[in-house]
Amino acid sequence: SLLLSKRHRHLLKGVEHSDSLTWDAHKMMFVPSLCTFLLYKDKARSFEVFSQDAPYLLASEDPLEVDCDSARRAIECTKRPLSVAAWALWSIYGESFIASCIDKTIDTARVLHGLIAESGDFMALHEPECNIVCFRYEPSHIRGRPPEELSAYQSEIRKRVLERGDFYITGTRLDGIYALRVTVMNPETGEAELKGLLNHIREIAP
């Protein structure tokens, strides 16, 4: 989806050399999952994925039926095409609006990174390239502890955040140590919500 953004498409430089790629549109196109595309440089190759010996499905060679038979081009056969949600959004709002939403979520992620870097009790773990920020909460009593203790502390924080239900964050491991992970998905998320999340973590942390 970054290819839609003039400001950020350079992050995918080189993708044009791929023979095929998947595009999870629900990640940054703001549509419900699932909504995934499988794209091919050579259109003819795309039919290989759907080739099968199923006479009860693909018996007719009538040109009209072939053109109208979605089973020849769909993984889930009689279910609606997953692309409908993305097509509807694109038709209503257009490319420039979607691109502006993508840019906004990335800008918001950078605001969160700045708040973390300036905080004194949070640790920023990378410079965000897109809408994802990984960090750790490290108040004075936990800073410098062994990796397993740092991991357990971050994991407990995430558990408490989810139990309270005011915010939703995920977790991952960087250099073998558990880290908190925020993916900014809503273009309406602002600095007030970001500060609220950090203060919430301070309040519920062990």
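Please read all numbers here as calculations on a predicted model, not as lab measurements.

Caption draft 1: Fine view of the overall build of the protein. A tally of regular secondary structure across the protein gives seven helices and six strands. In the protein, the order of α-helices and β-strands from amino to carboxyl end is β-α-β-α-α-α-α-β-β-α-β-β-α. Evaluated residue by residue, the protein yields a buried proportion of 33% over its 206 residues. A separation threshold of at least 6 residues defines the contact pool for the protein, and within that pool the share at least 24 residues apart is 53%. Within the structure as shown, the protein displays about 12800 Å² of accessible surface, and the carbon and sulfur contribution to it stands at 54%.

Caption draft 2: Geometry of a nonpolar patch on the surface. Residues L3, L11 and L12 make up a contiguous nonpolar surface patch of roughly 210 Å² in combined accessible area. With respect to the helices and strands, L12 occurs in the segment before β1 (20-24).

Caption draft 3: Focus on the pattern of salt bridges. Inspection of every chain in the model, using the stated rule, returns seven salt bridges. Here D166 and R164 are joined by a salt bridge, their closest N and O atoms 3.8 Å apart. With relative accessibility at 49%, the residue D166 sits in the partly exposed group. Looking at R164, the relative accessible area reads 48%, which means it is partly exposed.

Caption draft 4: Layout of the packing of helix α6 (residues 147-164) against helix α7 (residues 191-204). Running from N to C, α6 and α7 cross one another at 110°; their axes reach a closest spacing of 10 Å. Between α6 and α7, the angle falls in the class roughly perpendicular. Mapping the contact onto sequence places I157, R160, V161 and R164 in α6 and H200, I201 and I204 in α7. For the contact of α6 with α7, a count of residues per class yields four nonpolar, one polar and two charged.

Caption draft 5: Quick peek at the nonpolar core. Judged by nonpolar contacts, the single largest core of 25 residues is most densely connected at F135, I157 and I201. Secondary structure elements with two or more residues in this core: α5 (95-119), β4 (132-137), α6, β6 (177-183) and α7. Top element by residues in this core is α7. It accounts for five residues. When neighbours within four sequence positions are excluded, F135 is seen to be in contact with I116, F122, M123, A124, L125, A179, L180, V182 and I201. By size, the runner-up hydrophobic cluster in this structure holds twelve residues, among which are L2, M29, L89 and I98.

Caption draft 6: Quick look at the packing of aromatic side chains. Tallying each qualifying case throughout the model produces five aromatic pairs. Seen in terms of ring centroids, F122 and Y137 are 4.7 Å apart; in terms of plane orientation they differ by 40°. Their pairing is tilted. Taken together, the residues span a long stretch of sequence, with F122 in strand β3 (residues 122-124) and Y137 in strand β4 at a distance of 15 residues. Accessibility classification places F122 together with Y137 in one group, the buried group. Linked through ring pairs, F122, F135, Y137 and Y153 together constitute an aromatic cluster.

Cut-off values and rules
Residues numbered from 1 in each chain as written. Predicted model: local features only at pLDDT ≥ 70, side-chain atom pairs only at ≥ 80, totals over all residues. Heavy atoms only, no water. Helix = DSSP H or I, 4+ residues; strand = E, 2+ residues; numbered from the N terminus. Buried < 20%, exposed > 50% of the residue type's maximum accessible area, 1.4 Å probe, protein only. Contact = heavy atoms within 4.5 Å. Areas by Shrake-Rupley, 256 points an atom, 1.4 Å probe, with all protein chains shown as cover. Patch = residues over 30% accessible without salt bridge, like charges linked within 9 Å, V, L, I, M, F, W, Y side chains within 5 Å. Salt bridge = Lys/Arg side-chain N within 4 Å of Asp/Glu carboxyl O. Axes fitted to C-alpha atoms, helices over the stretch in contact; angles between N-to-C directions. Parallel < 35°, antiparallel > 145°, perpendicular 65-115°, else oblique. Nonpolar A, V, L, I, M, F, W, Y, C, P; charged D, E, K, R; others polar. Core = buried A, V, L, I, M, F, W, Y, C linked by side-chain atoms within 4.5 Å. Phe/Tyr/Trp six-rings, centres within 6.5 Å; stacked < 30°, edge-to-face > 60°.

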